[in-house]
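The primary structure of each chain is shown beneath.
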Amino acid sequence: MTKRLYYDSAEMHEFDSVVEEVAPPSSEQSRPAVVLRETAFYPTSGGQVHDTGWLTVNGGDCGAERLRVTEVADAEDGRIVHYLEAPARLPVAGAAVHGSIDPERRRDHMQQHSGQHVLSAAFIELYQMLTVSFHMGEDYCSIDLATPSVSSGQIAGADKRANQIVFENRAVRIRYVSRAEAEKLGLRKLPPAEHDDLRLVEIADFDLSACGGTHVSASGQIGSILLRKTEKVRQGTRVEFVCGDRAVRMARRDYSALSEAAALFSTQLWDVPDQIRKNVEESKLLRKQKDDALDQLAELMALAALHDQPETNGRKIIVRAFSDRDIGFAKLFAQKVTRVATPAIALVASTVDPLGLVFAQTPAQASGGAAGSAADMGALLKQVLSSVGGRGGGSRDFAQGGVPAGCNVKVEQLLREAAVTIGA
Ligand SMILES: [Zn+2]
């Protein structure tokens, strides 16, 4: 078992040790790894992520070699494995090493982890909500609470209470007890019965829990605790939070985003939601006005086209290719043509890339069963498009299709072909 120096001092960033095992890269593990007699490197466990840093190996005549530790893991048998960025030379068992941990990363983890203990205890104290899991991510941390929901009032309450504990700068102490003693102490959470000796983290007169993590020595070092969004998860409710420097950085990032939004609206930060609401309403209204105008335009254009077009075999066939209107408008136009006049056929296209076609006719019932509407728009469209590799389909009275973007197709020719097929 590797001796864990971080158990007794979370502030220890430098240490000396001896290499016990060396594992060169293999087919299962592409990175080399070393096990030391003792280490201050924290391995990913209990929700806290691993440290990173350096191992300096005294290589005798070859001089010292600096090895980058990129990941640290807990092996099942109690050894701590340090994974290395592939070095030029691997150390040998028995070599003396000096370890250095990245201090900023360690401090950040201490702030997040101690902050989590405070927050979990605050949720218990105020609302009897038990923390069932803790996750420390790159950007933010989260706890899962065993409760179906957490109100915004409860979030504000827990935030306030947790920060109060931070401001009071309460002592955070580590102590070891037997399992039997721990059971009498009333821990926030008792770990599964694996070990007889338990390491307890105590926040003076506030929280006592079993934990193997690295913690601050006084709650003031957490800096601040900022609760963020909540989310429903399988085991309850997830609460996102950040502590210390992360809270400051995240607040700064939020402020920048909000300032940018406020500048776009030429307003104050706190007026941004109102401005957005107003803009959403306005754009809804504008969209409706635009739709109404297009509808009227399509109707007028349909009437004009029908007016100019003489009847052929008792029906009017309107052929039109729009180069400045999209397929949506072409469809609207075709609907108007076949609704306004009976019987009528509309062979319409939009050449706005990708090219689209709409074939429509007045339904047989509406046209009084006149012989003039006895064509099949779906079949006609398929026939016309198959010659150019396009796809489409529809019913007897309405069909829509297109050709893939970038296809060089003469749309007027397609429409003419269709018109000839139905005997225009
Ligand atoms: Zn913990």
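Conventions used here
Residues numbered from 1 in each chain as written. Predicted model: local features only at pLDDT ≥ 70, side-chain atom pairs only at ≥ 80, totals over all residues. Heavy atoms only, no water. Helix = DSSP H or I, 4+ residues; strand = E, 2+ residues; numbered from the N terminus. Contact = heavy atoms within 4.5 Å. Buried < 20%, exposed > 50% of the residue type's maximum accessible area, 1.4 Å probe, protein only. Donors = N, O, S within 2.8 Å, 3.2 Å for Na, K, Ca; no water. Core = buried A, V, L, I, M, F, W, Y, C linked by side-chain atoms within 4.5 Å. Polar contact = N/O pair within 3.5 Å; in protein donor to acceptor, adjacent residues only side chain to side chain. Pairing = 2+ DSSP bridges. Axes fitted to C-alpha atoms, helices over the stretch in contact; angles between N-to-C directions. Salt bridge = Lys/Arg side-chain N within 4 Å of Asp/Glu carboxyl O.

**Re the side chain of H117**
Then, number 1: The residue H117 is located in helix α1 (residues 103-127) in this model.
Then, number 2: Those residues in contact with H117, other than ones at most four positions away along the chain, are R188, V201, I203, D207, S209, C211 and H215.

**So, unusual backbone geometry**
Then, number 1: For Q128, which is not glycine, the phi dihedral falls at a positive 55 degrees.
Then, number 2: With respect to the helices and strands, the residue Q128 is situated in the loop between α1 and β9 (131-136).
Then, number 3: Assessed through its relative accessible area of 61%, Q128 is described here as exposed.

**Examining the coordination of the zinc ion**
Then, number 1: At 2.1 to 2.3 Å from the zinc ion lie its protein donor atoms, namely H113 (NE2), H117 (NE2) and C211 (SG).
Then, number 2: On the primary sequence, the residues serving as donors to the zinc ion are separated as H-x3-H-x93-C. Of this pair, H113 sits in helix α1 while C211 sits in the loop between β13 (207-210) and β14 (225-233), placing them 98 residues apart in sequence. C211 matches H113 in its accessibility class, with the two residues each being buried.

**Points about the nonpolar core**
Then, number 1: Core analysis: the biggest nonpolar cluster contains 31 residues, and V118, L119, F123, I143, I225, L227 and F241 have the highest contact counts within it.
Then, number 2: For this core, the secondary-structure elements that each account for two or more residues are α1, β9, β10 (141-145), α2 (152-167), β12 (197-203), β14 and β15 (236-243).
Then, number 3: In terms of residues, this core owes the most to one element, α1, which gives 6 residues.
Then, number 4: In this structure, L119 is in contact with I143, A158, A162, I225, L227 and F241, ignoring residues within four places of it in sequence.
Then, number 5: Core analysis: the next-biggest nonpolar cluster, separate from the first, contains 22 residues, L355, M377, L385 and A419 among them.

**With respect to the environment of S17**
Then, number 1: By the element assignment, S17 lies in strand β2 (residues 14-23).
Then, number 2: Filtering out sequence-adjacent residues up to four positions away, S17 remains in contact with L36, R37, E38, A95, A96 and V97.
Then, number 3: Among the polar contacts made by the side chain of S17, one reaches the main-chain amide nitrogen of R37 at a distance of 3.4 Å.
Then, number 4: Among the polar contacts listed, one links the side chain of S17 to the side chain of E38, at a separation of 2.6 Å.

**Details of the sheet that holds strand β11 (residues 172-178)**
Then, number 1: The strand order across the open sheet formed by 3 strands is β11-β12-β13, and the pairing between neighbours is antiparallel. Strands at the two margins of the open sheet, each flanked by one partner only, are β11 and β13. On average, each strand axis in the sheet is inclined to that of its neighbour by 25 degrees, with strand direction left out of account.
Then, number 2: Relative to β12, β11 runs antiparallel, the two being bridged by 7 bridges. Bridged to S178 within β12 is D197.

**Some points on the pattern of salt bridges**
Then, number 1: One pass over the structure, following the stated rule, counts 23 salt bridges.
Then, number 2: Here D51 makes a salt bridge to R106, at a shortest N to O gap of 2.6 Å. Taken together, the residues span a long stretch of sequence, with D51 in the loop between β4 (38-39) and β5 (53-58) and R106 in helix α1 at a distance of 55 residues. Residue D51 shares its accessibility class with R106, and that shared class is buried.
Then, number 3: Salt bridges sharing common partners tie together E21, D77 and R79.

**Regarding the side chain of S100**
Then, number 1: Checked against the element boundaries, S100 lands in strand β8 (residues 96-101).
Then, number 2: Among the polar contacts made by the side chain of S100, one reaches the side chain of E14 at a distance of 3.3 Å.

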